[in-house]
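Remarks on the overall topology
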Amino acid sequence: MKMAAKPLNKPKKTRSAAGKRRTAAHGRADESGRFYYKGNRQKQMRAFVYTVKLGTLTRAAEALFLSQPTVSLQLQALERELGVSLLERRRRRINLTDAGEALYELARPLVEGWENLDRDFHAKVKGMQGGRLTIAAGTSTIQYLLPDLVRRYRERFPEVQLQLANVTGKDGLALLRADEADFAVGSMLDVPNDIAWAPVHHYDPMLIMPPDHPLAAKATITLQDLSPYGLILPPQRLSTYRLVDLVFQQQQVPYRVAIEVGGWDVIKEYVAMGLGISIVTGICITEADRGRLAVRNMKQYFPQRSYGVVMRKGKFLSPEARAFIDLVKPGMLTHRDYDESGHSER
């Protein structure tokens with residue numbers, strides 16, 4: 001009697017090593033999409049704050065050394081978790097929703113504090129020993145506005161290495177955008193979108209002339225009265241020249257520039273020598289000047305010049321920088337204006 005042959009057991013299918021790797025890779029990718037960004041709130045908040053500060057996903061990605069899709073995924077994950085829309089994505093700009101505005105107010109100081117944690121810690125421990133502060137400013141600002149502030153700052157923080165970069169307006173903005181200066185102090189006529197401007201001091205425009213000049217005997221001086229006399233002005237590239245030219249052009253009053261020369265002290269000296277008259281900003285008029293020059297306020301024709309703090313929007317300010325700005329105007333940094341986002345003019 002023949003025994004029925006038992007069916008052979010089919011061998012179990014085993015996955016190849018390559019298949020296991022594909023499955024594992026797929027699992028990690030799926031997990032990444034669902035859990036990685038959700039589980040890393042700090043990175044999400046950094047991506048959100050940097051995007052708001054810098055205005056675009058591209059700039060935020062560059063600043064964070066990430067790809068743009070990665071930043072976008074972090075933002076999407078944050079919105080999903082919170083259940084609200086935080087950003088309105090437009091063609092060139094990203095704007096905050098009301099919910100985004102509320103979150104930014106909460107998240108910005110947290111991210112900024114985290115970014116500066118090491119530096120702030122060492123500053124607290126060492127009392128800002130050995131820190132560095134670079135301020136961009138023009139000659140008139142360095143000469144007339146900053147001396148008292150620098151003296152007070154040095155008394156409080158003698159170990160901070162302070163550098164005053166003597167530059168014109170355009171060069172100062174270039175330093176800010178390149179992060180080669182912490183902030184600038186000076187006057188501005190045109191404020192780019194990526195720059196925050198906080199005016200603090202305001203000065204009237206002044207006509208200066210020799211005491212024996214014919215105009216010095218007049219009780220009231222009009223713009224037309226200046227027309228016959230040669231003006232001594234800073235170079236055309238500087239804002240003072242542009243401002244004086246603009247006023248004369250708008251009022252359709254002819255004028256003549258006798259000398260172009262840089263530096264308020266040089267201009268005042270040339271005026272005292274009788275080489276011409278000038279329109280200067282009140283910041284440069286000292287008591288000694290009033291003793292050797294005839295000075296008349298011309299605010300009815302020329303606008304005031306404002307001097308204050310200039311910062312790049314989105315700039316994380318060091319403790320050294322914050323301490324100096326607090327001397328310029330206490331409480332300035334409690335307002336949001338200085339670090340709202342702005343598209344770079346680079």
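Structure first, text after, so check above.
Residues numbered from 1 in each chain as written. Predicted model: local features only at pLDDT ≥ 70, side-chain atom pairs only at ≥ 80, totals over all residues. Heavy atoms only, no water.

So, the overall build of the protein chain
Note the threshold: Only DSSP runs of H or I reaching four residues or more are called helices, and only runs of E reaching two or more are called strands; each is numbered from the N terminus. Buried means the residue's accessible area, taken with a 1.4 Å probe over protein chains only, is under 20% of the maximum for its type, while exposed means over 50%, and partly exposed covers the values in between. The contact criterion used throughout is that any non-hydrogen atoms of two residues lie within 4.5 Å. To measure how exposed things are, a 1.4 Å probe is used in the Shrake-Rupley method; for residues, cover is taken only from the protein chains shown.
Looking only at helices and strands, the protein chain features 13 helices and 12 strands. Within the span of the protein chain, comprising 346 residues, buried residues form 44% of the whole. Contacts in the protein chain between residues far apart in sequence, at least 24 positions, make up 75% of those at least 6 positions apart. Accessible surface, the protein chain as shown: approximately 19600 Å² in total, 52% of it carbon and sulfur.

Section: the pattern of salt bridges
Keep this limit in mind: The term salt bridge refers to a pairing of a side-chain nitrogen on Lys or Arg with a carboxyl oxygen on Asp or Glu at a separation within 4 Å.
For the coordinates displayed, the defined rule picks out 15 salt bridges. Arg-292 is paired through a salt bridge with Glu-269; the nearest N and O atoms lie 2.9 Å apart. Placement of the pair is Arg-292 in helix H12 (residues 287-292) and Glu-269 in helix H11 (residues 264-272), with a sequence separation of 23 residues. Arg-292 is paired through a salt bridge with Asp-289; the nearest N and O atoms lie 3.6 Å apart. Of the two residues, Arg-292 and Asp-289 both sit in helix H12, 3 residues apart, roughly one turn of that helix. Accessibility expressed as a relative area gives 4% for Asp-289, which makes it buried.

Description of the sheet that holds strand S4 (residues 161-166)
As a reminder of what qualifies: Pairing between strands is defined by DSSP: at least two bridges between the two strands are required. The angle between two axes is taken between their N-to-C directions and runs from 0 to 180 degrees, where each axis is a line fitted to C-alpha atoms and a helix contributes only its stretch in contact.
Taken in spatial order, the 5 strands line up as S4-S3-S5-S12-S6 in an open sheet, and their pairing is mixed. For this open sheet the edge positions go to S4 and strand S6 (195-203), each flanked by a neighbour on one side alone. On average, each strand axis in the sheet is tilted by 20° relative to the strand beside it, whichever way the strands run. Note that strand S3 (residues 132-137) and S4 share 6 bridges and pair parallel. The residue bridging Thr-134 from the neighbouring strand is Gln-163, located in S4. Running at roughly 170° to S4, helix H7 (residues 139-156) makes contact with S3, S4, strand S5 (183-187), S6 and strand S12 (305-312) of the sheet. Its contacts with the sheet place helix H8 (residues 169-177) against S3, S4, S5, S6 and S12, and it is angled at close to 25° to S12.

Let's talk about the packing of aromatic side chains
What counts, and what does not: Geometry of aromatic contacts follows a simple scheme: Phe, Tyr and Trp rings, the Trp one being its six-membered ring, pair when their centres are within 6.5 Å, and the pair is stacked under 30 degrees between planes, edge-to-face over 60, tilted otherwise.
This structure, assessed with the given rule, holds 8 aromatic pairs. Ring centres of Phe-248 and Tyr-255 lie 4.7 Å apart, and the angle between their planes is 20°; on these two criteria the pair is classed as stacked. Measuring from centroid to centroid gives 6.0 Å for Phe-248 and Phe-302, while their planes differ by 65°, and the two rings are edge-to-face. Taken together, the residues span a long stretch of sequence, with Phe-248 in helix H10 (residues 239-251) and Phe-302 in the loop between strand S11 (294-297) and S12 at a distance of 54 residues. A residue is classified by how much of its surface remains accessible, and Phe-248, at 1% relative accessible area, is buried. Judged by its relative accessible area of 3%, Phe-302 falls in the buried class. Through pairs of rings, three or more aromatic residues link up here, namely Tyr-153, Phe-157, Phe-183 and Phe-324.

Some remarks on the packing of H7 against helix H13 (residues 319-328)
Keep this limit in mind: Working definition: roughly parallel below 35 degrees, roughly antiparallel above 145 degrees, roughly perpendicular at 65 to 115 degrees, and oblique for all remaining angles. Crossings are classed by handedness, with left-handed meaning an anticlockwise turn of the near helix from the far one by less than a right angle and right-handed meaning a clockwise turn. Under the grouping applied here, Gly and all other residues not named as nonpolar or charged are polar, the nonpolar ones being Ala, Val, Leu, Ile, Met, Phe, Trp, Tyr, Cys and Pro and the charged ones Asp, Glu, Lys and Arg.
Relative to each other, H7 and H13 sit at 130°, their axes nearing to 10 Å. Between H7 and H13, the interaxial angle falls into the category oblique. Classified by chirality, the crossing of H13 by H7 is right-handed. In contact with Leu-146, Leu-149, Val-150, Arg-152, Tyr-153 and Arg-156 of H7, H13 contributes Glu-320, Ala-323, Phe-324, Leu-327 and Val-328. Residue composition of the contact of H7 with H13, grouped by class: 8 nonpolar, no polar and 3 charged.

Nothing here speaks to function; it is geometry throughout.
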